Amino acid sequence: MTSSGEQCFSGGIDSIIQWWNIPSSNVDPYDTYDSSVLAGSLLGHTDAVWGLAYSGIKNRLLSCSADGTVKLWNPVEKEPCISTFNTNNEHGIPTSVDFNGCDPAHMVVSFNNGDVAIYDLETSQTALVLKGQGDSTVPCLNHINKVVSHPTLPVTVTAHEDRHIKFFDNKSGKVIHAMVAHLDAVTSLAVDPNGIYLISGSHDCSLRLWNLDSKTCVQEITAHRKKSEEAIYDVTFHPSKAYIASAGADALARVYV
């Protein structure tokens, strides 16, 4: 979503990023399709788009793709792609991307091998690599499903296939804390806008709310059903209200107060 909430972006397995105008809440969802809802298409990836992140500071969009690249976009430009990162797959295949919360001139990108790279968006250079591989000898278990940046502290948080959540110090590159957070793969993470709580979703069907200071679970919600061994795909906080939302393999989106 854009900061204003008036537009959003979606990435598909067709490699295209679509840019949408959010229709008015008065519109009947069963009305005929209004073509003006589609504001534009961003072309440049050659394989599925796995992750998107938007920053309202300069109205920039980040995307990561199965083609191995991460791209920075200015959607309103005629040539929207500003720069491309990881062009030679030097860090692996990117799985998730986020702007650095306390330094928007940097981004964090997670990779399928368990590493996280911090990039300088001005120079397109790697500023730091956070080594996050676990003890697993099975490479797929090192896979990171989601990376998020703390909004005010130099901290990066990652969700892992091996049920772990890890916290990194962006200055030293070291792991501050690692914990087995769920009974199955941790698929999704979100930090609340004030940086006090973290929410995680997992294929164990639960959402867990964590106090970021103490790294303790303060609430667990089980509201999705498993389908084909998968459960929760994404979680998020409302940007200003006390709401949490989740989306699951059971085809449901849920909002919690």
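Per-chain numbering applies: the sequence of each chain, read as written, is numbered from 1 onward. Residue-level local features of this predicted model are given only where pLDDT is at least 70; pairs of side-chain atoms are given and counted only at 80 or more, and the full residue set underlies all totals for whole chains, interfaces and linings. Processing note: side-chain calculations cover all non-hydrogen atoms of the structure and skip hydrogens and water entirely.

Engineer: Would you mind going over the overall build of the protein chain with me for this structure?
Structural biologist: The secondary structure content of the protein chain amounts to 0 helices and 22 strands. Radius of gyration (C-alpha) of the protein chain: 18 Å, near the 18 Å computed for a compact globule of 257 residues. Considering only C-alpha atoms, the protein chain reaches an extent of 50 × 40 × 35 Å along its principal axes. Classification of the 257 residues of the protein chain by burial places 45% in the buried group. Elements are defined by DSSP. Helices are runs of H or I of four residues or more, strands are runs of E of two residues or more, and each kind is numbered from the N terminus. Just to be clear, the radius of gyration here is over C-alpha atoms, and the globule rule we use is 2.2 Å times residues to the power 0.38. Relative accessibility decides the category of a residue: with a 1.4 Å probe and only protein chains considered, values under 20% of the type maximum give buried, values over 50% give exposed, and everything between is partly exposed.

Engineer: When you look at the pattern of salt bridges in this model, what are you seeing that I'm missing?
Structural biologist: Note on pairing: side chains with opposite charge can pair once their charged atoms come close. Between Lys or Arg on one side and Asp or Glu on the other, a salt bridge is scored when a side-chain nitrogen of the former is within 4 Å of a carboxyl oxygen of the latter. Applying the stated rule across the entire model yields 5 salt bridges. A salt bridge links Asp 115 to Lys 131, with the nearest nitrogen and oxygen atoms 3.0 Å apart. Placement of the pair is Asp 115 in the loop between β9 (106–111) and β10 (116–120) and Lys 131 in the loop between β11 (126–130) and β12 (144–149), with a sequence separation of 16 residues. A residue is classified by how much of its surface remains accessible, and Asp 115, at 5% relative accessible area, is buried. Classification of Lys 131 by relative accessible area gives exposed; the value is 54%. With a shortest N-O distance of 3.5 Å, Glu 220 and Arg 208 are connected by a salt bridge. Taken together, the positions of Glu 220 in strand β19 (residues 216–222) and Arg 208 in strand β18 (residues 206–211) put the pair 12 residues apart, joining distant regions of the chain. For Arg 208, a relative accessible area of 15% corresponds to the buried category. A single network of salt bridges, built from pairs that share partners, joins Asp 184, Lys 226 and Glu 229.

Engineer: Help me out: how do you make sense of a nonpolar patch on the surface in this one?
Structural biologist: Grouping into patches uses exposed residues only, defined as over 30% relative accessible area, and leaves out salt-bridged ones; the cut-off is 9 Å for like charges and 5 Å for nonpolar side chains (Val, Leu, Ile, Met, Phe, Trp, Tyr). What sets the accessible areas is the Shrake-Rupley method with a 1.4 Å probe; for residues, cover comes only from the shown protein chains. Together, Ile 196, Tyr 197 and Val 218 make up an exposed nonpolar region whose accessible area comes to about 250 Å². Within the secondary structure, Val 218 sits in strand β19. When its relative accessible area of 46% is taken as the criterion, Val 218 is described as partly exposed.

Engineer: Explain the pairing of strand β17 (residues 197–202) here, please?
Structural biologist: Look at any regular strand and the pattern is simple: side chains alternate between the two faces of the sheet. Most of β17 sits out of view: 5 of its 6 residues are buried. Here the rule is simple: two strands pair whenever DSSP picks up at least two bridges between them. Here strand β16 (residues 186–191) runs beside β17; their pairing, made up of 5 bridges, is antiparallel. Residue pairing in the sheet places Ala 190 in a bridge with Ile 199 of β17. Counted along the chain from β16 to the antiparallel partner β17, the turn is 5 residues long, and its residue Gly 195 has a positive phi close to 75°. The sheet contact formed by β17 and β18 spans 5 bridges and is antiparallel. Counted as the bridge partner of Ser 200 is Arg 208 from β18.

Engineer: Any chance you could explain the UniProt feature "repeat: WD" (unreviewed entry) in the protein chain here in plain terms?
Structural biologist: Feature annotation in UniProt places "repeat: WD" (unreviewed entry) on residues 42–74 and 179–220, given in this structure's numbering. As annotated, residues 42–74 has a helix share of 0% and a strand share of 55%, and its two end C-alpha atoms lie 10 Å apart. Across residues 179–220, helical content stands at 0% and strand content at 60%; the span's end C-alpha atoms are separated by 16 Å. UniProt positions are given in the numbering used here, feature names are shortened, and annotations may be inferred rather than shown by experiment.

Engineer: Where do I start with the environment of Ile 13 in this structure?
Structural biologist: Along the chain, Ile 13 turns up in the loop between β1 (7–11) and β2 (17–21). A C-alpha to C-alpha distance of 25 Å links Ile 13 and Thr 32, two positions 19 residues apart in sequence.

Engineer: How do you make sense of the pairing of β18 when you look at a structure like this?
Structural biologist: Counting buried positions over the 6 residues of β18 gives 5, a clear majority of the element. The antiparallel hairpin formed by β17 and β18 contains 3 residues in its connecting segment, where Cys 205 sits at a positive phi of about 80°. When β18 meets β19, the two strands line up antiparallel, connected through 6 bridges. Across the sheet, residue Trp 210 finds its bridge partner in β19, namely Cys 217.

Engineer: Please clarify how the sheet that holds β1 should be interpreted in this entry.
Structural biologist: In a beta sheet, neighbouring strands are held together by backbone hydrogen bonds and run either parallel or antiparallel to one another. Strand order in the open sheet formed by 3 strands is β1-β2-β3, and the pairing between neighbours is antiparallel. At either end of the open sheet lies a strand with only one pairing partner, and these are β1 and β3 (38–42). Neighbour-to-neighbour, the strand axes of the sheet open up by a mean angle of 20°, direction not taken into account. Two strands pair when backbone bridges link them, and β2 and β3 are joined in this way by 4 bridges, in the antiparallel orientation. The residue of β3 that forms the bridge with Trp 19 is Gly 40. To get an axis, fit a line to the C-alpha atoms, keeping to the stretch in contact for a helix; angles then go from 0 to 180 degrees between the N-to-C directions.

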